[in-house]
Amino acid sequence: METNPIRVCELLVGLPDVTVLGVDDLAGGPIRVYVESRMSRPSCVECGTVAVVKDRATVELVDLPAFGRQSRLAWRKHRFRCPHFPSRRKAAERPSVNRHFCGSQGRS
């Protein structure tokens, strides 16, 4: 039986390689679960240098009801850039998050 509260939340969300950052439970609104991908930094395809984080955009995705309530998944999506080619930006994709919402949201 899992007793670590963070790991329990991750198991309830049901997405591999995701860290649950927190939960908002506002009266009358949907429950909002904030997640972030656990991943290593990619390397630049041009020069092989390890990329740096440019920003972390939050993408809100509509999910199925949880425990009888509407729910939203707020995904902090990492965007990386090469330190040598700063004008080229590549968003880090997390197939597990994208697959989970395929069809319910369209794009993420």
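Everything discussed here concerns the structure shown above.
All values reported here derive from a predicted model rather than from experimental measurement.

**Student:** Any chance you could explain the overall build of the chain here in plain terms?
**Tutor:** Check the secondary structure of the chain and you find 2 helices and 5 strands. In sequence order, the chain lays out its α and β elements as α-β-β-β-β-β-α. Across the 108 residues of the chain, 28% fall into the buried class. As displayed, the chain offers around 7,100 Å² of accessible surface, 53% of which is attributable to carbon and sulfur atoms.

**Student:** Whenever I open this one, the pattern of salt bridges confuses me. Can you help?
**Tutor:** Side-chain pairs of opposite charge can arise where the charged atoms are in close proximity. Enumeration over the complete set of coordinates arrives at 5 salt bridges. Between Arg69 and Asp25 there is a salt bridge, and its shortest N-O distance comes to 2.6 Å. With Arg69 in strand β4 (residues 69–81) and Asp25 in strand β1 (residues 18–25), this residue pair connects regions lying 44 residues apart in the sequence. Under the relative-accessibility criterion, Asp25 is labelled exposed at 52%.

**Student:** I keep staring at the environment of Gly48 and nothing clicks. Help me out?
**Tutor:** Along the chain, Gly48 falls in the loop between β2 (31–37) and β3 (52–66). For the pair formed by Gly48 and Cys82, sequence separation is 34 residues and the distance between their alpha carbons is 9.0 Å.

**Student:** Please clarify how the environment of Leu73 should be interpreted in this entry.
**Tutor:** In this structure, Leu73 sits in strand β4. For the pair Leu73 and Thr58, spaced 15 residues apart in sequence, the C-alpha separation works out to 9.7 Å.

**Student:** When you look at the pairing of β1 in this model, what are you seeing that I'm missing?
**Tutor:** Within a regular strand, the side chains alternate between the two sheet faces. For β1 and β2, the ladder comprises 7 bridges, and the chain directions are antiparallel. Its bridge partner lying in β2, Asp25 is registered against Ile31.

**Student:** Please explain the layout of surface pockets as it appears in this structure.
**Tutor:** A probe as big as a water molecule, rolled over the atoms, marks out the empty space that is left. What the largest pocket holds in volume is close to 360 Å³. Around the largest pocket, the lining is made up of 16 residues, and of these Leu12, Val13, Val33, Ala66 and Phe67 lie nearest the centre. Elements represented by at least two residues in the lining of the largest pocket include exactly α1 (5–13), β1, β2, β3 and β4. A per-element tally of the lining of the largest pocket places β3 first, with 4 residues. When grouped by side-chain class, the residues that make up the lining of the largest pocket number 12 nonpolar, 2 polar and 2 charged.

**Student:** Please explain the pairing of β2 as it appears in this structure.
**Tutor:** With respect to burial, β2 is a largely interior element, 5 of its 7 residues being buried. In this antiparallel pair of consecutive strands, β1 and β2, the connection spans 5 residues, and Gly28 shows a positive phi of 80 degrees. In the sheet, β2 pairs with β4 via 6 bridges, with the strands oriented parallel. Residue pairing in the sheet places Ile31 in a bridge with Ser71 of β4.

What counts, and where the lines are drawn
Residues numbered from 1 in each chain as written. Predicted model: local features only at pLDDT ≥ 70, side-chain atom pairs only at ≥ 80, totals over all residues. Heavy atoms only, no water. Helix = DSSP H or I, 4+ residues; strand = E, 2+ residues; numbered from the N terminus. Buried < 20%, exposed > 50% of the residue type's maximum accessible area, 1.4 Å probe, protein only. Areas by Shrake-Rupley, 256 points an atom, 1.4 Å probe, with all protein chains shown as cover. Salt bridge = Lys/Arg side-chain N within 4 Å of Asp/Glu carboxyl O. Pairing = 2+ DSSP bridges. 1 Å grid on protein atoms, 1.4 Å probe; cavity = no way out; pocket = protein on both sides within 12 Å on 5 of 7 lines; lining within 4 Å. Points joined across faces, edges and corners; volume = space filled by probe spheres on them. Nonpolar A, V, L, I, M, F, W, Y, C, P; charged D, E, K, R; others polar.

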